[in-house]
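Notes for the structure review
These are the residues of each chain, in order.
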Amino acid sequence: MIKRGLKIALVQLSVGPDKAKNVEAAVREIHKAKEMGAQLVALPECFNAPYGTKYFSEYAEEVPGGGTSAALSAAAAAARVCVVGGSLPERCGPRLYNTCTVWGPAGELLAKHRKVHLFDIDIPDKITFRESDVLSPGDQITTFEYGGIKIGLGICYDLRFPEMAQIMADQGCSLLVYPGAFNMTTGPRHWEVLARARASDLQLWVALVSPARAAAADYVAWGHSLLVDPWGQPAATLGHEPDTLLADIDLNTVEEVRSQIPVRRQKRNDIYEIVHKTNKCQTD
Ligand SMILES: O=C(O)CCC(=O)C(=O)O
């Protein structure tokens, strides 16, 4: 069988308060990943700023147009790789978004995804977080093609919404990439199980990319960036230190699982259905 696929790198960056240093580190890791053979390099959620509602406005930039977008575009072009640029706080007029950009190997913007589901939770004595105090939600589902693979994008909390992943699978995705930063409460409980649920339900590859854990940060990320195969099995995983996961996405595995367990054809669309409502309002 001819091997069809893509070598991907998930870069578990250490993120601190110095934006320029964060972006420089990301660029350095993109080049290192390319040297290791990666064709697609993915960064974590909020990779250019500490994660927290009090930081979003200070670190926000126009996307594209800001310095971080320019640096990612230039790095993708110089390394000739596809870069899934984690996420960064985006400023658009009076609004702020949590936004992922994707850059092609000529430095072109291939996709832009604004986090659709904002992270608002309250677990007493553990974690209370309200992104919606400062961020606006995106209103579109985002997919793009690279290296013959259709890829779907979500950001962190988006992972909890199976309908969104289902629509991306229905649109032909074989890989879903979620830059994310789960925490020390929900990380150990849900990070891996959610990735495995999406992968096994939809019979596709799922990649989660976290920042490295920084014990002194206001928000302590769980780490454990992870790739799950279309059987729902972890194919590779990191600890919580800064590190890069390098792995092959094999498209044949998608077809193998889908033909051997044909749930996609066995769905009962006569009794249930998921509907994608395209939203024509987002203009920028
Ligand atoms: O869903 C979770 O438990 C964590 C989500 C999160 O940290 C985020 O959306 O940034």
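Refer to the preceding data block for the structure.
A short tour of the structure in this document, coming up. (Residues numbered from 1 in each chain as written. Predicted model: local features only at pLDDT ≥ 70, side-chain atom pairs only at ≥ 80, totals over all residues. Heavy atoms only, no water.)

**With respect to the state of the cysteines**
Here a disulfide denotes a covalent bond joining the sulfur atom of one cysteine to the sulfur atom of another. Formally: Throughout, a disulfide means two cysteine sulfur atoms within 2.5 Å of one another.
Under the defined criterion, the tally for this structure stands at zero disulfides. Counting only cysteine sulfurs, Cys100 is the nearest neighbor of Cys82, a cysteine outside any disulfide, at a range of 9.7 Å.

**Quick word on the site of the ligand**
Convention followed: When we say a residue is near a molecule or strand, we mean one of its heavy atoms is within 4 Å of it. Definition of a polar contact: a pair of N or O atoms within 3.5 Å, with one able to donate and the other able to accept a hydrogen when the atoms are protein atoms, and with sequence-neighbouring residues admitted only if both atoms are side-chain atoms. Throughout, the Shrake-Rupley method with a 1.4 Å probe supplies accessible areas, and for residues the shown protein chains are the sole cover considered. The residue classification treats Ala, Val, Leu, Ile, Met, Phe, Trp, Tyr, Cys and Pro as nonpolar and Asp, Glu, Lys and Arg as charged. All others, Gly included, are polar.
The ligand sits among Glu45, Tyr51, Lys115, Phe119, Cys156, Tyr157, Arg160, Ala181, Phe182, Thr186 and Tyr219. Side-chain polar atom of Glu45 to an oxygen atom of the ligand: 3.0 Å apart, as the coordinates give it. One nitrogen or oxygen atom from the main chain of Tyr157 is found 3.0 Å from an oxygen atom belonging to the ligand. In the complex, 100% of the free accessible area of the ligand, which totals 290 Å², lies under the protein chains. Residues belonging to the shell around the ligand are distributed by class as follows: seven nonpolar, one polar and three charged.

**Re the nonpolar core**
Across soluble globular proteins, nonpolar side chains show a tendency to be buried alongside one another. Basically, it comes down to this: Nonpolar core, defined: a set of buried Ala, Val, Leu, Ile, Met, Phe, Trp, Tyr and Cys residues in which side-chain atoms within 4.5 Å join the residues together. Type-normalised accessible area, obtained with a 1.4 Å probe on protein chains alone, sets the label of each residue: buried when under 20%, exposed when over 50%, and partly exposed for intermediate values. Here, residues are in contact when the closest pair of their heavy atoms is within 4.5 Å.
Leu40, Val84, Phe144, Ile151 and Val177 are the most contacted members of the largest nonpolar core, which has 50 residues in total. Leaving out residues up to four positions away in the same chain, Leu40 has contacts with Leu6, Lys7, Ile8, Ala9, Cys82, Val84, Tyr146 and Ile151. Judged by nonpolar contacts, the second largest core, of 19 residues, contains Ile30, Ala38, Leu72 and Ala79.

**Let's talk about the environment of Glu145**
Threshold: Secondary structure is summarised from DSSP: a helix means a run of H or I of at least four residues, a strand means a run of E of at least two, and numbering begins at the N terminus for each.
Relative to the helices and strands, Glu145 resides in strand E9 (residues 142-146). Separated by 34 residues in sequence, Glu145 and Ala111 have C-alpha atoms that sit 9.3 Å apart.

**Thoughts on the side chain of Lys115**
Its place among the elements puts Lys115 in the loop between strand E6 (109-114) and strand E7 (120-123). Taking relative accessible area as the criterion, Lys115 reaches 1% and is therefore assigned buried. Beyond its immediate sequence surroundings of up to four residues, Lys115 is in contact with Glu45, Tyr51, Asn98, Glu131, Pro137, Gly138, Ile155, Cys156, Tyr157 and Asp158.

**Considering the environment of Glu90**
If you trace the backbone, Glu90 turns up in strand E4 (residues 88-92). Judged by its relative accessible area of 1%, Glu90 is buried. In sequence terms Glu90 and Ala197 are 107 residues apart; their C-alpha atoms lie 30 Å from each other. Contacts of Glu90, omitting those with residues within four sequence positions, involve Ala60, Glu61, Val63, Arg95, Leu96, Tyr97, Thr99, Lys112 and Arg114. Within the local environment of Glu90, its side chain forms a polar contact with the side chain of Thr99, the two groups lying 2.6 Å apart.

**Things to note about a nonpolar patch on the surface**
Which entries qualify depends on this criterion: Like-charged residues are merged into a patch within 9 Å and nonpolar side chains (Val, Leu, Ile, Met, Phe, Trp, Tyr) within 5 Å, provided each residue has over 30% relative accessible area and no salt bridge. Note on definitions: salt bridges are taken to be side-chain nitrogens of Lys or Arg within 4 Å of carboxyl oxygens of Asp or Glu.
Nonpolar side chains collect at one region of the surface, where Trp231, Ile261 and Val263 lie side by side and expose about 240 Å² of accessible area between them. Position of Ile261 relative to the elements: it lies in the loop between helix H6 (251-260) and helix H7 (263-266).

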